[in-house]
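Examining the three-dimensional arrangement
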Amino acid sequence: MKWLLDLLLKIKPNFEEGQKLHWLYPLYEATETILFSSDEKTKSAPHIRDSIDLQKVMVVVWMATFPAMFYGMYNLGFQSLSAFEQLGTINKDDWHFIFIDLLCNYDPKSILDCIWFGACYFIPIYLVTFIVGIAWEVVFAIVRGHEINEGAVVTTVLFALCCPPDAPLWQVAVGISFGIVVAKEIFGGTGKNFLNPALAGRAFLYFAYPVHWSGDSVWVAVDGYSSPTILGIGAQEGLEGIQMQYSWLDSFIGNIPGSIGETSTLFILLGLVVLLYTRVASWRIIAGVLLGTLLTSLLFNLTGSDTNPMFSLPFHWHLVIGGFAFGLTFMAVEPVSGSHTNLGRWYYGILIGIMVVLIRVVNPAYPEGMMLAILFANLFAPLIDHFVQERNIKQRLRRAS
């Protein structure tokens, strides 16, 4: 790769300040950063002796999504091919089948068939999300004259993993555009946004195009096949209705329909282990979310309801259905839009845990809850940190006096 580095160093002067290609420097810098480690060093205090940087953090998060991503593609294929088998017919009017037919024999027992089928639906969504998202990042980097931030790469993969497998690609482009532009760039870019961009884009699509994004019926890439989601079943029939169709182990492993990244709690937890081991994710936020969820679900269980069967849904079921595990692992711990103080992270996590159960149980119009709970907590994160900092200042003043 030395020849490539020599080539990049040779053409670098053309992109420096004062040269005619200076306005394209963000593109050059992004290419160099992706291929090679940066040689830039901190020139003023404070100096932190650590090899970690934003690029490495984002690579860790991106790679932590892989277990859920690849299992999600397999599961989408398995659920869809099983539905074809149940219906006894295969409708190939969808353009995806141009690629599916290349390698797929439509056998739900074949791992290769399942992965290929799921990939033919997920990869186009990811490509559209990545191209549009990075394009917006490049535009704002050029206009503002700063480097392209690696955070957009993580935003695009998280957004794509939240999408229904049969989502219209133009809506995917609109959603990631809203997330990058409105939720991040107009506030100054990475480090200045107060909302999680991937969740903001997903929430925008939910309210703008509820037919495709509400999740009222399961997301299986099969025309003419529909059934309620686990949360939808719970809202109508309670825990007994859920257990008639799915076991807790099925939900934990991910043998259920849903969006690519959210089905398997098991494989999401593999990514969480990586994030906690590398200290990219805050264990305090994780613990706070779990604590808030536990206390609120226990309260509803003890209160009970004759009209709302969701009151009886226990804590361990909340963990494995909907987008709870995915939101907990990749969205709640996002460092920019979450709390930054250690004590504040506990409050922030507990708030998310309380809100997700409240929305799931009490709000019949939106049984999911995790997405809105995190966005709600994003709004309060600066306020939480403010009060925690004020408390710390008062304690130090009392000790000093």
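Residues numbered from 1 in each chain as written. Predicted model: local features only at pLDDT ≥ 70, side-chain atom pairs only at ≥ 80, totals over all residues. Heavy atoms only, no water.

Some thoughts on the overall build of the protein chain
Condition: Where helices and strands are cited, they refer to DSSP runs of H or I of at least four residues and of E of at least two residues respectively, numbered from the N terminus. Contact definition: two residues touch when any of their heavy atoms are within 4.5 Å. Here, Shrake-Rupley sampling with a 1.4 Å probe gives the accessible areas, and only protein chains in the shown set may cover a residue.
Across its full length, the protein chain holds 18 helices and zero strands. Considering only intrachain contacts with a sequence separation of at least 6, the fraction spanning at least 24 residues in the protein chain is 70%. Per element, the accessible surface of the protein chain, about 20,100 Å² overall, is 64% carbon and sulfur.

Quick look at the packing of helix 17 (residues 342-362) against helix 18 (residues 370-400)
Using the following cut-off: Only the contacting stretch of a helix is used when fitting its axis, a line to C-alpha atoms as for every element, and angles between N-to-C directions run 0 to 180 degrees. Note that the term roughly parallel is reserved for angles under 35 degrees, roughly antiparallel for angles over 145, roughly perpendicular for angles of 65 to 115, and oblique for everything else. Helix crossings are classified by the rotation of the near helix relative to the far one: an anticlockwise turn of less than a right angle makes the crossing left-handed, while a clockwise turn makes it right-handed. Three classes are used, and their members are as follows: Ala, Val, Leu, Ile, Met, Phe, Trp, Tyr, Cys and Pro are nonpolar, Asp, Glu, Lys and Arg are charged, and the others, Gly among them, are polar.
Relative orientation of the contacting elements helix 17 and helix 18 amounts to 150 degrees, with a least axis distance of 8 Å. Relative to helix 18, the element helix 17 lies roughly antiparallel. The element helix 17 and its partner helix 18 pack so that their crossing is right-handed. For the contact of helix 17 with helix 18, the residue count by class is 18 nonpolar, two polar and two charged.

Overview of helix 14 (residues 283-303)
Threshold: Multiplying 1.5 Å by the helix residue count minus one yields the expected span of that helix. The buried label applies to any residue whose accessible area, calculated with a 1.4 Å probe on protein chains only, is under 20% of its type's maximum; exposed applies above 50%, and partly exposed to all values in between. Working definition: the arc comes from the directions between the helix axis and the C-beta atoms, pointing outward to the latter.
Here helix 14 contains 21 residues, and its C-alpha end-to-end distance of 30 Å stays within 8% of the 30 Å for a straight helix at 1.5 Å per residue. Three or more residues of helix 14 are buried, namely Ile285, Ile286, Gly288, Val289, Gly292, Thr293, Thr296, Ser297 and Phe300. For helix 14, the buried positions fall inside an angular range of 165 degrees around the axis, keeping them on one side. In helix 14, the exposed positions that point more than 90 degrees away from the buried face belong to Leu295, Leu299 and Leu302. Taken together, the buried residues of helix 14 touch helix 13 (265-277), helix 15 (315-318), helix 16 (324-331), helix 17 and helix 18. Looking one or two residues beyond helix 14, the residue adopting positive phi is glycine 304, at roughly 70 degrees.

What to know about the pattern of salt bridges
Side-chain pairs of opposite charge can arise whenever the charged atoms involved come near each other. Rules: Salt bridges are defined as contacts in which a side-chain nitrogen from Lys or Arg sits within 4 Å of a carboxyl oxygen from Asp or Glu.
Counting across every chain of the model gives three salt bridges. Across the pair glutamate 137 and lysine 184 runs a salt bridge whose closest N-O atoms are separated by 2.9 Å. Of this pair, glutamate 137 sits in helix 6 (residues 111-144) while lysine 184 sits in the loop between helix 8 (169-182) and helix 9 (197-208); the two residues are 47 residues apart in sequence, bridging distant segments of the chain. Overall, the relative accessible area of 1% leaves glutamate 137 in the buried class.

Let's talk about the packing of aromatic side chains
Stated precisely, the cut-off is as follows: The criterion for an aromatic pair is that two Phe, Tyr or Trp rings (for Trp, the six-membered ring) have centres within 6.5 Å, with stacked assigned to planes under 30 degrees apart, edge-to-face to planes over 60 apart and tilted to the rest.
Within this structure, the stated rule accounts for 24 aromatic pairs. Plain terms: the ring middles of phenylalanine 97 and tyrosine 106 are 6.3 Å apart, the flat faces sit at 15 degrees to each other, and that makes the pair stacked. Judged by its relative accessible area of 4%, phenylalanine 97 is buried. Residues phenylalanine 326 and phenylalanine 330 carry aromatic rings whose centres are separated by 5.1 Å and whose planes lie at 50 degrees to one another, so their mutual orientation is tilted. Highlighted residues: phenylalanine 326 and phenylalanine 330, both in helix 16, separated by four residues, approximately one helical turn. These aromatic residues form a ring-pair network of at least three members: Phe84, Phe97, Tyr106, Phe117 and Tyr121.

A few points about the confidence of the model for the protein chain
Formally: pLDDT expresses how confident the predictor is about each individual residue, on a scale running from 0 to 100.
When pLDDT is averaged across the protein chain, the result is 85; 85% of the residues are at 70 or more. Predicted confidence in the protein chain is weakest over helix 2 (residues 25-35), with a mean pLDDT of 63, and strongest over helix 14, with 96.

Digging into the packing of helix 13 against helix 16
Packing of helix 13 against helix 16 leaves a shortest axis separation of 9 Å and a crossing angle of 15 degrees. Between helix 13 and helix 16, the crossing angle belongs to the class labelled roughly parallel. Every pair of crossing elements has a handedness; the one defined by helix 13 and helix 16 is left-handed. Touching Thr265, Ile268, Gly271, Leu272 and Leu275 of helix 13 are Ala325, Phe326, Thr329 and Phe330, all from helix 16. Grouping the constituent residues of the contact of helix 13 with helix 16 by class yields six nonpolar, three polar and no charged.

Let's talk about the environment of alanine 173
Structurally, alanine 173 is set in helix 8. For alanine 173 and isoleucine 131, which are 42 residues apart along the polypeptide, the C-alpha to C-alpha distance reads 8.9 Å. The contacts of alanine 173, once residues within four sequence positions are left out, are Val128 and Val132.

Topic: a positive patch on the surface
Operational definition: For patch building, the residue pool is restricted to those with more than 30% relative accessible area and no salt bridge; the joining distance is 9 Å between like charges and 5 Å between nonpolar side chains (Val, Leu, Ile, Met, Phe, Trp, Tyr). We score Asp and Glu as negative and Lys and Arg as positive, and we do not count His or the chain ends. The atom standing in for a charge is NZ when the residue is Lys, CZ when it is Arg, CG when it is Asp and CD when it is Glu.
Together, Arg391, Lys394, Arg396, Arg398 and Arg399 make up a region of like positive charge exposed at the surface. With respect to the helices and strands, arginine 391 occurs in helix 18.

A look at a nonpolar patch on the surface
Taken together, Trp95, Ile98, Phe99, Leu102 and Leu103 make up a surface patch of nonpolar side chains, about 540 Å² in accessible area. With respect to the helices, strands and loops of the structure, leucine 103 is situated in helix 5 (residues 97-103).

Describing the side chain of threonine 263
Counting through the fold element by element, threonine 263 comes out in the loop between helix 12 (248-253) and helix 13. Excluding anything up to four places from it in sequence, threonine 263 contacts Tyr71, Gly72, Asn75, Ser251, Gly254, Ile256, Pro257 and Gly258.

Observations regarding the environment of leucine 205
With respect to the element layout, leucine 205 can be found in helix 9. Those residues in contact with leucine 205 that sit more than four places away from it in its chain are Phe159, Gln171, Gly175, Pro210 and Trp213.

Observations regarding helix 13
If you check helix 13, its first and last C-alpha atoms are 18 Å apart, about what 13 residues at 1.5 Å a residue would give, namely 18 Å. Considered for burial, the residues of helix 13 that qualify are Thr265, Ile268, Gly271, Leu272 and Leu275. Angular distribution of buried residues about the axis of helix 13 spans 120 degrees; they occupy a single face of the element. Exposed side of helix 13, more than 90 degrees from the buried face: Val273 and Tyr277 are the residues found there.

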